[in-house]
There are 2 protein chains.
Amino acid sequence: MKLQVTQENLSKAINTVARVANTRNTLPILSNVLLKTDNNRLSIAATNLDIAITQFVGSKIEETGSITVPARLMQEFVSSLPESVLKIELADNKLHITNDQYKSTINGTSSEEFPVMPAITGGSTWNTDATVFKKALQQIVFAASADDARPVLTGVYFHSSDGSIIAASTDSYRLAEYKLGKTKTSLNFLVPATAAADLLRIIGDSDKEIKITHDDQQVRFEVGDVILVARLIEGNYPDYRKLIPVKFATTVRLSRTDFLNITKVSSLFARESAGSITIKADKASGDISINAIASQLGENTATAKAEVNGGGEVTLNSRYLIDALNAFSSAEVEFCFNGKLEPCILRSQSEQNYMHLIMPLRS
Amino acid sequence: MKLQVTQENLSKAINTVARVANTRNTLPILSNVLLKTDNNRLSIAATNLDIAITQFVGSKIEETGSITVPARLMQEFVSSLPESVLKIELADNKLHITNDQYKSTINGTSSEEFPVMPAITGGSTWNTDATVFKKALQQIVFAASADDARPVLTGVYFHSSDGSIIAASTDSYRLAEYKLGKTKTSLNFLVPATAAADLLRIIGDSDKEIKITHDDQQVRFEVGDVILVARLIEGNYPDYRKLIPVKFATTVRLSRTDFLNITKVSSLFARESAGSITIKADKASGDISINAIASQLGENTATAKAEVNGGGEVTLNSRYLIDALNAFSSAEVEFCFNGKLEPCILRSQSEQNYMHLIMPLRS
């Protein structure tokens, strides 16, 4: 292997893939990145066996070849170098990297030991708008569970319903759902939320389209010069749609920033009570108020102007409400609920593809 | 106690003092801040018994009084509030804080239990330029030891020598010294580096002057509306001046940024060897090169153009060299050494008040 590549392109590619390389893994080679010539490109790849990311960069290839090197050292080394053309040459499993100022040797491990994810043969392929897809993931990924006890809840669920592609995630305390667009085919697969989070970091502002291919085992996302392959989560996703109330006794419309601010201040007083805050909507006074009581430290009531239909109160975990309000980008939100025991909904007239549900706490 | 104060001023003051309040302390009241009326001002204070910080803010006082409240909650609460005038009223050791939108009650503890640092009676007082003093602390504080095994080395040493005020700190591996200016009196006291670091955060860009008062036990720094009092460290500071070489066999002048960059890249390969890098200056080729060897991972040689007088090599801890180079702000630095066993010096023609010494590693 002998090639030339710009420091900027190589650094960007290693930064993209290296986050899935993991030094704490029991299989040492998983902490390495794979460098491999591919026609007039250099491919840089890393994997944790569940997720594999590959980026291609343009490169002047003089001799073909491949090698794996420690991801962390390679990443920090290349990103520390000044902008320049790097000469890279492999000899005896040692990677020699040079430019005018720097001469480095990084000890490698043969690429034959590097695990490759199985290819996706057949399966269905569809394209989707990169901007919409990124926005959808941003609004739902955080609602997935981080607890491996129920693996299906650690995924983002892509499915089709009534001709729409829908992405959803839930940790059983809250649920986020986004309608991605129309489809004629039937979809049903579960992507690890960690892979979706990696994908979020990969999709750039200039990316136009994402190509998605999946079979029963794996999904592949192609964005620009990057390919992310993830093993799908097996299992049946809960039938969450029956949880979503259709009618609401109380609907409150208010400034999202106001709602966020009064929730944040109240959450400071809710630490002793696992985040518990009580939200009260009053039609007569035209406001929404949040009360939090910290038995040791004190208590707080915060109010904001709101357009209230109906009225009543409900107790929520302030962290879930803060997460949900941060997920919207609209100026106003609607907060809808039916008494103290039924799920609440957050929605926005200007973000009609998105819906966020929060289960109440018993108060 | 009954008063009005702006959210902005109160938040700034609590942020300034609250960092010395410590929830992990065995004495619970030390995690509180003291609020106390003082003529037409409100004083906000916190202490960890070694350091006390007090800030005064203008306030409309309707009734005098004092109380202590949990620092962390108070800090987060006030900084979360929107800009507004806050009404603060004390009743039964409960602090009621209100504005149009928020009504809060924070449970307090009587101010009688709050420890007060003894007053500095007599002692000597001098004034110094705030900008120069801040620059001096920035360049030396980090060289003090964090290890309590030798308490004197955890301090910043202020002393007079040949009519100059000198501030110095060392952890015995490196030494930083700054000549603050002229004095006619004799000075000799040792300020905890943690207090100096707090002071660094307190001195603002608009502050003109610092008033320093000290006796045998304590030192008081007055900057604008803030007073920091620290207990002095007892003990004799080592006679470090005899360690500083007067003549150098090798003097290298080069771009500080170049030197920093090649040191940083080399340090990545020096992790296995406790930061050990070997610096070689060569007059004939007109460059300085740094070599680092990581037996497992590989090795690196990095070079930069330099004006070399003499020549030779020395082995240093890369972390100390990075710290030192970051402490300078000049475009060029001089790196001076005498073979492999004697201390090295970093200095700059445009920062003549500052000197940094690093002990070599045995190679």
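Thresholds, definitions, all that
- Residues numbered from 1 in each chain as written.
- Chains lettered and ligands numbered in written order.
- Predicted model: local features only at pLDDT ≥ 70, side-chain atom pairs only at ≥ 80, totals over all residues.
- Heavy atoms only, no water.
- Helix = DSSP H or I, 4+ residues; strand = E, 2+ residues; numbered from the N terminus.
- Buried < 20%, exposed > 50% of the residue type's maximum accessible area, 1.4 Å probe, protein only.
- Contact = heavy atoms within 4.5 Å.
- Areas by Shrake-Rupley, 256 points an atom, 1.4 Å probe, with all protein chains shown as cover.
- Least-squares fit on C-alpha atoms with pLDDT ≥ 70 in both.
- Salt bridge = Lys/Arg side-chain N within 4 Å of Asp/Glu carboxyl O.
- Expected span 1.5 Å × (residues − 1).
- Phe/Tyr/Trp six-rings, centres within 6.5 Å; stacked < 30°, edge-to-face > 60°.
- Pairing = 2+ DSSP bridges.
- Axes fitted to C-alpha atoms, helices over the stretch in contact; angles between N-to-C directions.
- Domains from an automatic or database assignment.
- Buried area = accessible area lost by both parts, 1.4 Å probe.
- Polar contact = N/O pair within 3.5 Å; in protein donor to acceptor, adjacent residues only side chain to side chain.

Student: Looking at this structure, I do not really get the overall build of chain A. What am I missing?
Tutor: On a plain count of helices and strands, chain A comes out with six helices and 26 strands. The principal-axis extents of the C-alpha atoms in chain A amount to approximately 80 × 50 × 35 Å. By the burial criterion, 53% of the 363 residues in chain A qualify as buried. If you take every contact in chain A between residues at least 6 apart in sequence, the share linking residues at least 24 apart comes to 67%. Of the roughly 16,700 Å² of accessible surface on chain A, a fraction of 45% belongs to carbon and sulfur atoms.

Student: Any chance you could explain the relation of the copies chain A and chain B here in plain terms?
Tutor: For the pair chain A and chain B, the superposition axis carries a translation of 0.0 Å, the fit reaches an RMSD of 0.0 Å, and the rotation angle comes to 180°. Such a combination of turn and shift is consistent with a two-fold rotation axis. Closest approach to the rotation axis among the C-alpha atoms of chain A is made by Arg24 of chain A, whose C-alpha sits 16 Å away.

Student: Please clarify how the environment of Ile97 of chain A should be interpreted in this entry.
Tutor: Residue and element names in this part refer to chain A. By the element assignment, Ile97 lies in strand 8 (residues 94-98). Judged by its relative accessible area of 1%, Ile97 is buried. Put simply, Ile97 and Ile120 are 23 residues apart on the chain and 34 Å apart in space, counted from C-alpha to C-alpha. Residues in contact with Ile97, not counting those within four places in the same chain, are Met74, Phe77, Leu86, Lys87, Ile88, Tyr102, Lys103, Ser104 and Ile106.

Student: Teacher, can you tell me more about unusual backbone geometry here?
Tutor: All names here are of chain A. Despite not being glycine, Leu49 has its phi angle at roughly 80°, a positive value. Note on placement: Leu49 falls in the loop between strand 3 (41-47) and strand 4 (51-58). Positive phi is not limited to glycine here, since Asp162 has a value of about 50°. A relative accessible area of 76% means that Asp162 is categorised as exposed.

Student: What is the right way to read the pattern of salt bridges from this model?
Tutor: Side chains bearing opposite charge may pair, as long as their charged atoms lie close to each other. Residues and elements named next belong to chain A. A complete count under the given rule lists 30 salt bridges over all chains for this structure. Among the salt bridges present, the one from Arg174 reaches Asp171, with a minimum N-O distance of 3.0 Å. A single burial state applies to Arg174 and to Asp171, both of which are buried. Put simply, Glu177 and Arg241 hold a salt bridge, and the shortest N to O gap is 3.1 Å. One end of the pair, Glu177, is in strand 13 (residues 174-182); the other, Arg241, is in the loop between strand 17 (226-231) and strand 18 (250-255), with 64 residues separating them in the sequence. Judged by its relative accessible area of 5%, Glu177 is buried. For Arg241, a relative accessible area of 33% corresponds to the partly exposed category.

Student: In this structure, what is going on with helix 1 (residues 7-18) of chain A? I would like to understand it.
Tutor: Residues three or four positions apart in an α-helix share a direction because the helix packs 3.6 residues into each turn. For helix 1 of chain A, which comprises twelve residues, the first-to-last C-alpha distance of 16 Å matches the rise-based estimate of 16 Å (1.5 Å per residue) to within 8%. Those residues of helix 1 of chain A lying buried are Gln7, Leu10, Ser11, Ala13, Ile14, Thr16, Val17 and Ala18 of chain A.

Student: Quick question: what am I supposed to make of the packing of aromatic side chains here?
Tutor: Within this structure, the stated rule accounts for 21 aromatic pairs over all chains. Geometrically, the ring pair formed by Phe133 of chain A and Phe158 of chain A is stacked, given 5.9 Å between the ring centres and 15° between the ring planes. With Phe133 of chain A in helix 3 (residues 130-140) and Phe158 of chain A in strand 11 (residues 155-161), the pair connects residues that are 25 residues apart, well separated along the chain. The residues Phe133 of chain A and Phe158 of chain A share a single accessibility class, namely buried. Ring geometry for Phe335 of chain B and Phe337 of chain B: centres 5.4 Å apart, planes at 45°, overall tilted. Aromatic rings pair up to connect Phe133, Phe158, Phe189 and Phe221 of chain A into one cluster.

Student: What exactly am I supposed to notice about the sheet that holds strand 23 (residues 312-317) of chain A here?
Tutor: The strands making up a sheet associate through backbone hydrogen bonding, with each pair oriented either parallel or antiparallel. As summarised here, the arrangement of the nine strands in space is 23(A)-19(A)-20(A)-21(A)-9(B)-8(B)-7(B)-1(B)-5(B), forming an open sheet in which the pairing is antiparallel. Looking along the sheet, the strands with just one partner apiece sit at the ends: strand 23 of chain A together with strand 5 (60-63) of chain B. Between one strand and the next, the sheet's axes are offset by a mean angle of 20°, whatever the strand orientation. Its contacts with the sheet put helix 6 (residues 318-327) of chain A on strand 19 (276-282) and strand 23 of chain A, and the angle it makes with strand 23 of chain A is roughly 90°. In the packing of helix 2 (residues 71-80) of chain B onto the sheet, the strands contacted are strand 21 (298-305) of chain A together with strand 7 (85-91), strand 8 (94-98) and strand 9 (102-107) of chain B, and the crossing angle to strand 9 of chain B comes to about 170°.

Student: I would appreciate a short explanation of the domain arrangement of chain A in the present structure.
Tutor: Interfaces are frequently sized by the accessible area removed from exposure as the parts join. Residue and element names in this part refer to chain A. By the assigned domains, chain A splits into domain 1 (2-113), domain 2 (124-239) and domain 3 (244-358). Computed over C-alpha atoms only, the centres of domain 2 and domain 3 are separated by 28 Å. Counting from both sides, the interface comprises twelve residues of domain 2 and, opposite them, 15 residues of domain 3. Buried surface at the junction of domain 2 and domain 3, summed over both partners, amounts to about 1,200 Å²; 52% is from carbon and sulfur atoms.

Student: Hey, could you run me through the side chain of Thr315 of chain A in this one?
Tutor: Residue and element names in this part refer to chain A. Positionally, Thr315 belongs in strand 23. Look at Thr315 and you get buried, because its relative accessible area is 1%. Of note is the side chain of Thr315, whose polar atom sits 3.0 Å from the side chain of Thr278. Leave out the neighbours within four places in its chain, and Thr315 touches Ser276, Ile277, Thr278, Pro360, Leu361 and Ser363.

Student: Sorry, what's going on with helix 3 (residues 130-140) of chain B here?
Tutor: Buried within helix 3 of chain B are the following residues: Ala130, Phe133, Lys134, Ala136, Leu137, Gln139 and Ile140 of chain B. If you check the start of helix 3 of chain B, you find a side-chain oxygen 3.0 Å away from the backbone N of Thr131 of chain B, and it comes from Asp129 of chain B.

Student: Whenever I open this one, the sheet that holds strand 26 (residues 354-358) of chain B confuses me. Can you help?
Tutor: Residues and elements named next belong to chain B. Spatially, nine strands are ordered 14-11-12-13-26-25-24-18-22 in an open sheet, and the strand pairing comes out antiparallel. Two strands bound the open sheet, and with one partner strand each, they are strand 14 (188-192) and strand 22 (307-309). Across this sheet, the average inter-strand angle for adjacent strands is 20°, counted without regard to direction. Here seven bridges tie strand 12 (residues 164-170) to strand 13 (residues 174-182), and the two strands are oriented antiparallel to one another. Each bridged residue has a counterpart across the sheet, and for Ser169 the counterpart in strand 13 is Ala176. Along the sheet face, helix 4 (residues 193-202) touches strand 11 (155-161) and strand 14 and points at about 75° away from the line of strand 14.

Student: Honestly, the interface of chain A and chain B in this entry has me stumped. Any pointers?
Tutor: Tallying the contact residues gives 31 residues for chain A and 31 residues for chain B. Both sides together, the interface formed by chain A and chain B hides about 2,500 Å², and carbon and sulfur atoms give 52% of it. When the buried area of chain A at its contact with chain B is split by residue, Leu73, Gln101 and Leu297 of chain A rank highest and sum to 21% of it. Across the chain A-chain B interface, the total number found is two salt bridges. In this structure, Arg271 of chain B and Glu76 of chain A form a salt bridge, with 2.8 Å as the shortest nitrogen-oxygen distance. Taken together, the links from chain A to chain B amount to 14 residue pairs in polar contact (both at pLDDT 80 or more).

Student: Sorry if this is basic, but what is going on with the pairing of strand 15 (residues 209-214) of chain A here?
Tutor: In regular strands, side chains alternate between the two faces of the sheet. All names here are of chain A. The sheet contact formed by strand 10 (residues 124-129) and strand 15 spans six bridges and is antiparallel. Its bridge partner being in strand 15, Asp129 is matched across the sheet by Glu209. Bridge count between strand 15 and strand 16 (residues 218-223): four bridges; the pairing is antiparallel. Among the inter-strand pairings, Ile212 is bridged to a residue of strand 16, identified as Phe221. Linking strand 15 to strand 16, which pair antiparallel, is a turn of three residues.

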